[in-house]
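One letter stands for each residue in the lines below.
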Amino acid sequence: AHYKVANVLATSSRRQLRPEHPARRVLTIFSWGTISINYKSMFTLSLEGGSLNRVLPVKDFASLTQTVPESLPDITSIVKYFADESQWSQLPRRLQEAPFYADGLLLFQALRGLVQGYFDLFRDQWCDQDDALLDSGLIALERDLASTLAAANYQGDYAGPKTCVQAAERVTAALYTVTTYHRHVGQ
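Since the model is a prediction, treat every value here as computed from it, not as a measurement.

Novice: It is not clear to me how the state of the cysteines should be interpreted in this structure. Could you clarify?
Specialist: Counting across every chain of the model gives 1 disulfide. The disulfide partner of Cys127 is Cys164, and the gap between their sulfur atoms is 1.9 Å. Here the S-S torsion is close to -115°, and the disulfide linking Cys127 with Cys164 is therefore left-handed. Here the residue Cys127 occupies a position in the loop between helix 11 (123-126) and helix 12 (136-151), and Cys164 occupies one in helix 13 (residues 164-185), the gap between them amounting to 37 residues. Assessed through its relative accessible area of 6%, Cys127 is described here as buried.

Novice: Sorry, what's going on with the packing of aromatic side chains here?
Specialist: Two descriptors summarise a pair of aromatic rings, namely the distance from one centre to the other and the angle between the planes of the rings. Enumeration according to the criterion identifies 12 aromatic pairs in this entry. Their ring planes at 50° and their centres at 5.2 Å tell us that Phe82 and Tyr176 sit as a pair that is tilted. Highlighted residues: Phe82 in helix 7 (residues 80-83) and Tyr176 in helix 13, separated in sequence by 94 residues. The residues Phe82 and Tyr176 share a single accessibility class, namely buried. Ring centres 6.2 Å apart and planes at 55° place the aromatic pair Tyr118 and Trp126 in the tilted group. Judged by relative accessible area, Trp126 falls into the buried class, the value being 1%. Among the aromatic side chains, those forming a connected cluster through ring pairs are Tyr81, Phe82, Trp88, Phe100, Tyr101, Phe108 and Tyr176.

Novice: Honestly, the packing of helix 2 (residues 22-31) against helix 10 (residues 99-121) in this entry has me stumped. Any pointers?
Specialist: The description of two helices packed together rests on the angle between their axes and the distance between the axes. The interhelical angle for the contact between helix 2 and helix 10, taken along N-to-C directions, is 160°, at an axis separation of 11 Å. One finds that helix 2 runs roughly antiparallel with respect to helix 10. Both helix 2 and helix 10 take part in a crossing whose hand is right-handed. Residues Pro22, Ala23, Val26 and Phe30 of helix 2 form the contact with helix 10, whose own contacting residues are Leu111, Leu114 and Tyr118. Within the contact of helix 2 with helix 10, the residues separate by chemical class into 7 nonpolar, no polar and no charged.

Novice: When you look at the nonpolar core in this model, what are you seeing that I'm missing?
Specialist: One recurring pattern in soluble globular proteins: nonpolar side chains tend to sit buried together. Leu27, Phe82, Phe119, Trp126, Leu175 and Tyr176 are the most contacted members of the largest nonpolar core, which has 42 residues in total. At the level of secondary structure, the elements contributing two or more residues to this core comprise helix 1 (2-16), helix 2, helix 6 (75-78), helix 10, helix 12 and helix 13. A total of 9 residues in this core trace back to one element, the largest contributor, which is helix 13. When residues no more than four places from it in sequence are discounted, the contact partners of Phe119 are Trp126, Cys164, Ala167, Ala168 and Val171.

Novice: Explain empty space enclosed by the protein to me, please; I cannot follow it from the model alone.
Specialist: The rolling of a water-molecule-sized probe over the atoms marks out the regions of remaining empty space. Enumeration according to the criterion identifies 1 cavity of 30 Å³ or more in this entry. As a volume, the largest cavity reaches approximately 420 Å³. Considering the residues around the largest cavity, the lining is formed by 31 residues, among which Leu9, Glu142, Leu145, Arg170 and Val171 are closest to the centre. The set of elements that each furnish at least two residues to the lining of the largest cavity consists of helix 1, helix 2, helix 10, helix 12 and helix 13. With 6 residues, the single largest contributor to the lining of the largest cavity is helix 12. Of the residues contributing to the lining of the largest cavity, the split by class is 25 nonpolar, 1 polar and 5 charged.

Rules used throughout
- Residues numbered from 1 in each chain as written.
- Predicted model: local features only at pLDDT ≥ 70, side-chain atom pairs only at ≥ 80, totals over all residues.
- Heavy atoms only, no water.
- Disulfide = S-S within 2.5 Å.
- Helix = DSSP H or I, 4+ residues; strand = E, 2+ residues; numbered from the N terminus.
- Buried < 20%, exposed > 50% of the residue type's maximum accessible area, 1.4 Å probe, protein only.
- Phe/Tyr/Trp six-rings, centres within 6.5 Å; stacked < 30°, edge-to-face > 60°.
- Axes fitted to C-alpha atoms, helices over the stretch in contact; angles between N-to-C directions.
- Parallel < 35°, antiparallel > 145°, perpendicular 65-115°, else oblique.
- Left-handed = near helix turned anticlockwise from the far one by under 90°.
- Contact = heavy atoms within 4.5 Å.
- Nonpolar A, V, L, I, M, F, W, Y, C, P; charged D, E, K, R; others polar.
- Core = buried A, V, L, I, M, F, W, Y, C linked by side-chain atoms within 4.5 Å.
- 1 Å grid on protein atoms, 1.4 Å probe; cavity = no way out; pocket = protein on both sides within 12 Å on 5 of 7 lines; lining within 4 Å.
- Points joined across faces, edges and corners; volume = space filled by probe spheres on them.

The following block contains the structure:
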């Protein structure tokens, strides 16, 4: 969540969106402090011989920089049970009632409503009549996210959203990952 989603989202949004761009303003709320905390963690977690290296039973710590990104799923697969009712219905009832899923569904739905509502506010500026993404800042952001994630060997679909609905779904998945998923996994 820290490096793959929050750090890339914070960095790319600041690189590609003007400070006054409405998307940058809302993304900043969700990524505030990310760059600072990840920078600090590089010296304790990521360095060979650092604290994480010393506690993990891994002989070749440097290989993790390749292995971890390649093994992490795309953010859309993290939220697939919340984003798609048919996926949700396939979960065993016991899992649907477990806190991660039960609370996760409620939080995902709230984030989806927030993101869709925000896109709706700016739809006439960001999307054409056929729902194609046309905002140059958002298009640049998507390209930057794709190239950054691909360069780091993270798995996923980096073709980029073609429509505002697709962009809103990816933003929702990212915000879920940096808030709800991160908070739950971090406990």
